[in-house]
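Listed below, chain by chain, are the residues.
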Amino acid sequence: MYRFSMAAALLVSTVALDAASAQTPAAKPADLSFTGELGYVSATGNTQLSTVNAGDKIVYTSGHWLVTQTAAYIQGQTKGVESANQFLVTGRVDRALASRASAFVGASYERNPFAGFTRRTNELLGFRWKAVQAPQDSLSLDAGGVLTQQLDVSDSSENFPAARVAASYKHAFSKAAYFQEQAEYLPDLKTGGAYRINATSALVAPISAHIGIKVGYVVQYNSRPPATFGTTDRTVTTGIQITY
C-alpha cells in the first residue's frame, strides 16, 4: 500500500512538473567519473587501536539521466577486539525534469552491529531541486519518502515508511579543493516521535590533479535505537582521495 501510494504520488507530481516546465533541459553528454578513498590509523603503546576506512563514488551522466553509486566501509579494533564495523552501499538514478529539478529513485544497504542492527535496507524516491548553482557554491534540496526494512542484533525485525528531507551544500575553494556538508532528516511515519538524522561533513585539499587529502566527519542520530544502544554515533575519518 505504501509503495503504491508513493509511486502514484511521484507519477502525478512528475506529470505536473513536466507540464509546468516551459523548456526541456538540455541533454548532457555521456560522462563517467570515479572517486576512491582509503585511510588507515594505527596506535600502539598505552593506546592500542587500528582503523581502516575505504569508500568509492561512481557517477555516470547520459542525456537527462544521472546514475550515482557510493560505498563506505569502516573497521576498527581496540586492544585486539573489534570495536567498529560499518558498511554502507547506495545506488540512485536521477531524471532531469527541468533545468533545476529532477526526480529520483534509489536504494541502500547498511550494516552496523555496534549501532544495534545487522541489516538495514532502504528504498527511496522523491524530487531534487538545485536551489543554488554558482561557480563556487551549490545547494540542492531533496524531498520524498523511504521504505525501511531493519534486522536488529537481537534478531527482531521491523518494516516502516518514513518521510525524507535532505540538503547538500558544496563550496569550492579551487577546482580540486572543497568543503561539503550533507544532511538528511527521516521521520518515521509508523511510530510517532521516532526519527533519524544523518549528517556528513568533508574537507578535501589537493596534493596533485587527481590525489587529495580528505577529512570527514559523520554524525548519525536515532531517536529510538534498539534496546541498550545509544542514540548518537560520531565518526571521524582521514585518508587519501583519488579522483578520475
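Quick caveat, the model's predicted, so the values are computed rather than measured.

Undergrad: Just checking my understanding: could you explain the pairing of strand S3 (residues 65-78) for this structure?
TA: Looking along a regular strand, one sees side chains alternate from face to face of the sheet. When strand S2 (residues 49-63) meets S3, the two strands line up antiparallel, connected through 14 bridges. Residue pairing in the sheet places valine 59 in a bridge with threonine 68 of S3. With antiparallel pairing between neighbouring strands as the criterion, S2 and S3 make up a hairpin whose turn holds one residue. Relative to strand S4 (residues 81-96), S3 runs antiparallel, the two sharing 14 bridges. Across the sheet, residue threonine 70 finds its bridge partner in S4, namely threonine 90. The turn linking S3 back onto S4 is made up of two residues, and lysine 79 within it adopts a positive phi angle of 55 degrees.

Undergrad: Honestly, empty space enclosed by the protein in this entry has me stumped. Any pointers?
TA: One way to see where empty space is left: roll a probe the size of a water molecule over the atoms. Going through the model one piece at a time under the given rule, you end up with two cavities of 30 Å³ or more. Within this model, the largest cavity holds a volume of roughly 150 Å³. For the largest cavity, the lining is made up of 15 residues, of which Phe117, Arg120, Gln220, Asn222 and Asp233 are closest to its centre. For the lining of the largest cavity, the elements supplying multiple residues, two or more each, are strand S5 (101-112), strand S6 (117-133), strand S10 (195-206) and strand S11 (211-222). Counting residues per element, the lining of the largest cavity draws most heavily on S11, at three residues. Looking at side-chain class alone, the lining of the largest cavity contains five nonpolar, six polar and four charged residues. In this structure, the second largest cavity encloses a volume near 60 Å³. Together, Glu37, Leu38, Gly39, Asn53, Lys214, Val215, Gly216, Thr237, Thr238, Gly239, Ile240 and Gln241 line the second largest cavity. Those elements giving two or more residues to the lining of the second largest cavity turn out to be strand S1 (28-43), S11 and strand S12 (232-243).

Undergrad: Help me out: how do you make sense of unusual backbone geometry in this one?
TA: For residues that are not glycine, phi is negative in most cases, and the peptide bond is trans in most cases. With a phi close to 55 degrees, lysine 79 is a non-glycine residue in the positive phi region. Relative to the assigned elements, lysine 79 resides in the loop between S3 and S4. Judged by its relative accessible area of 60%, lysine 79 falls in the exposed class. Phi at aspartate 155 takes a positive value of approximately 75 degrees, unusual for a residue other than glycine. Relative to the helices and strands, aspartate 155 is located in the loop between strand S7 (137-152) and strand S8 (157-172).

Undergrad: Looking at this structure, how should I read the layout of surface pockets?
TA: By volume, the second largest pocket is sized at about 280 Å³. Forming the boundary of the second largest pocket are 20 residues, of which Ile74, Ala84, Gln86, Arg234 and Thr235 lie nearest the centre. Elements supplying a minimum of two residues to the lining of the second largest pocket: S1, S2, S4 and S12. Of the residues forming the lining of the second largest pocket, the biggest block, six residues, is contributed by S12. Classifying every residue of the lining of the second largest pocket gives eight nonpolar, ten polar and two charged.

Undergrad: How should the confidence of the model for the protein chain be read in this particular structure?
TA: Detailed reading of the predicted coordinates is not advisable wherever pLDDT is low. Here the protein chain shows a mean pLDDT of 89. Residues at 70 or above account for 89%. Low pLDDT, under 50, characterises residues 1-22; the stretch is placed with 25 contacts to residues that sit more than four places away or in other chains.

Undergrad: Any chance you could explain a nonpolar patch on the surface here in plain terms?
TA: On the surface, Phe173, Leu203, Ile207, Ile211, Ile213, Val215, Tyr217, Val236, Ile240, Ile242 and Tyr244 cluster together into a nonpolar patch covering about 1,000 Å² of accessible area. Those elements giving two or more residues to the nonpolar patch turn out to be S11 and S12. Element by element, the count of residues in the nonpolar patch is highest for S11, at four residues. Note that valine 236 resides in strand S12.

Conventions we followed
Residues numbered from 1 in each chain as written. Predicted model: local features only at pLDDT ≥ 70, side-chain atom pairs only at ≥ 80, totals over all residues. Heavy atoms only, no water. Pairing = 2+ DSSP bridges. Helix = DSSP H or I, 4+ residues; strand = E, 2+ residues; numbered from the N terminus. 1 Å grid on protein atoms, 1.4 Å probe; cavity = no way out; pocket = protein on both sides within 12 Å on 5 of 7 lines; lining within 4 Å. Points joined across faces, edges and corners; volume = space filled by probe spheres on them. Nonpolar A, V, L, I, M, F, W, Y, C, P; charged D, E, K, R; others polar. Buried < 20%, exposed > 50% of the residue type's maximum accessible area, 1.4 Å probe, protein only. pLDDT = per-residue confidence, 0-100. Contact = heavy atoms within 4.5 Å. Patch = residues over 30% accessible without salt bridge, like charges linked within 9 Å, V, L, I, M, F, W, Y side chains within 5 Å. Areas by Shrake-Rupley, 256 points an atom, 1.4 Å probe, with all protein chains shown as cover. Salt bridge = Lys/Arg side-chain N within 4 Å of Asp/Glu carboxyl O.

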